[in-house]
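# Structural overview
Here is what each chain is made of, one letter per residue.
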Amino acid sequence: MQAILEFISDNLLMIYLLIFTVILGFEVISKVPTVLHTPLMSGANAISGVIIIGAIILIRRSAPDDYLSLTLGTVAIALGMINVVGGFAVTDRMLEMFKKKKK
Amino acid sequence: MITTIIDIAYLIGAVLFVWGLRQMSSPDTARRGNSLAAIGMGVGILGALFDNRIDGGGNYAWIIGGMFAGAGIGWAAAKKIQMTAMPQLVSIFNGLGGLCAAILSIVELTTTDLDTGGKAISLFALLIGAVAFTGSILAYLKLDGKLKDSQVVWPKHNIINQILLVACLAMCVYLTISVQSIPLLIAFLVLTLFYGWSFVAPIGGADMPVVISLLNSFTGLSAAAAGLIYNNNLMLVGGILVGASGTILTVLMCQAMNRSLWNVVVGGFAGSGGGAQTDGDQVAKSTNAVDTSILLYYSQSVMFVPGYGLAVAQAQKALKELDDMLEANGVDVKYAIHPVAGRMPGHMNVLLAEADVPYPKLLDLDDANAALPSTDVVVIVGANDVVNPAAVDDPSSSIYGMPVLNVWNAKHVIVLKRSMSPGYAGIQNQLFFHEKTKMFFGDAKASIQDLVSEVKNL
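Residues numbered from 1 in each chain as written. Chains lettered and ligands numbered in written order. Predicted model: local features only at pLDDT ≥ 70, side-chain atom pairs only at ≥ 80, totals over all residues. Heavy atoms only, no water.

## A look at the overall build of chain B
For clarity, the threshold we go by: Helix and strand definitions here come from DSSP, where helices need a minimum of 4 consecutive H or I residues and strands a minimum of 2 consecutive E residues; each element is numbered from the N-terminal end. The buried label goes to any residue with under 20% of its type's maximum accessible area, the exposed label to any with over 50%, and the partly exposed label to all in between, with areas taken from a 1.4 Å probe on protein chains only. We call two residues contacting when some pair of their heavy atoms lies within 4.5 Å. Residue burial considers only the protein chains on display, and all accessible areas are found by Shrake-Rupley using a 1.4 Å probe.
Each helix and strand in chain B was counted, giving 18 helices and six strands. Dimensions of chain B, computed from C-alpha atoms along their principal axes, come out at roughly 75 × 50 × 35 Å. Split into buried and exposed, the 458 residues of chain B put 56% on the buried side. Expressed as a percentage of contacts within chain B between residues at least 6 apart in sequence, the contacts between residues at least 24 apart total 77%. Only carbon and sulfur atoms are counted for the fraction: they give 62% of the accessible area of chain B, which is about 18,200 Å².

This is how it looks when you write it as structure tokens:
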């Protein structure tokens, strides 16, 4: 119990950020119309590629001869990058088709 | 100085993510929103590359190599993919994101000395990342037709899944409080990977949109958890936004089928018909291309109801051609899109957008139902359960209560269909025997092309 209370007071700002982002996320995304749900999902995929930052941090702080970490980290970077580049590119391709056509 | 600039870069990245998603609220601004989010990602990645709080070898050659490899694969996949295969692509991307989170957590757990909180978060990221990975791979294999539902379902599968879930959570707790043990961690990894596969195995068919959305939110949550591990706010914000998006879509898909998430996850293929069975004495009226084209050409308003059968038959372009010819004669043409039409949320809208149908002509469930009573002709192409009146008037039916398109409120209903076979839910559709309904048998694409050539002759 004491540990939990301590954890809360030590990480108060982080907890605020977490809760407000959850609220903001639900607010913003519930406004996306059904027409755009597929692009929303592939765009969300691209954003989940933000995990690449973790992979970059992992590699940068690994020792240059720690080949296991370096290999796993490089695989993680490649996976994250597939998400980022592939996700944003395919979303852009889809949204390009949603141009309003007036006759 | 550099540290502050890096922190500001992360902040800008987070703001651009939110702003970009905000612009997704309208098709007119969505493309710009996507670009904004991409810029946010670029700023964040630059921040991570130059962050001077990270000390270690640097190892930039490894980073650049990984980035180029991933960017190349991602770009090629995005350019090559067919719009009908979009659910498969999203599933694969989802799985790779989950795998990435699982790799990061396993490295973190084995190489660094974490406190209890850090361990709990890393194990959580490992659990959902691994489940998202194997679950998405199986979803991909199912969507692509490489595996059939019946090939992966075991007897008593629901009970197996519940035991696996309890085992995963128990190991998660045990590993958090016990001393580090690499063999146990490996065992945990194997267990979570296996659970991901087993979790998705009994879910199939019309429930795929739910499971894709759910796995999407898992990947987001694993990224957010990784953000906590690395104490990186941009990762946390990005991950939570994705988690929120996946959660909302999951809930919407469940509502569209009038089922609870629990029912989808454990229900499996329970829906075995039920409802008033039709006897052979009911006769469906059939029609042909000549009569239908005349009916369509001289009506005031027409509404198409496309289902996944339209995409299977690749008939979107032909349908758009018919639409153009009817519009040229002053017919008001609209499309009614049920939320679960297609294989993922919003899939049908993308397929029609690809065929150049302007999005204002696409009506969602509520708008379509409001417009139906004043519609002259409804043409159903490859949809079945989403237009079944049993959902409204037959309490004994397994789809009773599911929101459907009330097409029988229109003046005429034409159903384009290969045969009288029931839909995914395995229920006979009384709509086919309705007094207003006429059946137009044949392949969807061939039938629509017939209609196009008949309309040309008028």
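Once the structure has been displayed, the description carries forward.
## A word on the domain arrangement of chain B
Residue and element names in this part refer to chain B. Here is the rule we go by: Segment limits for the domains were obtained from an automatic or database-derived domain assignment. A quick way to say it: buried area is the sum, across both parts, of accessible area lost when two parts are put together, with a 1.4 Å probe.
Structurally, chain B comprises domain 1 (1-80), domain 2 (84-272) and domain 3 (289-456). Averaged C-alpha coordinates put domain 1 and domain 2 at centres separated by 24 Å. Counting from both sides, the interface comprises eight residues of domain 1 and, opposite them, seven residues of domain 2. Together domain 1 and domain 2 conceal approximately 640 Å² of surface at their shared face, both sides included; 88% is due to carbon and sulfur atoms.

## Some thoughts on the sheet that holds strand β2 (residues 332-336) of chain B
Each strand in a sheet pairs with its neighbour through backbone hydrogen bonds, running either in the same direction (parallel) or in the opposite one (antiparallel). Residues and elements named next belong to chain B. Selection criterion: Strands pair, by our definition, only if DSSP identifies at least two bridges between them.
Sheet architecture is open: six strands sit in the order β3-β2-β1-β4-β5-β6, paired in parallel fashion. The open sheet has two edge strands with one neighbour each: β3 (362-363) and β6 (437-441). Where strand β1 (residues 301-306) meets β2, four bridges bridge the pair, whose relative direction is parallel. Each bridged residue has a counterpart across the sheet, and for Met303 the counterpart in β2 is Lys334.

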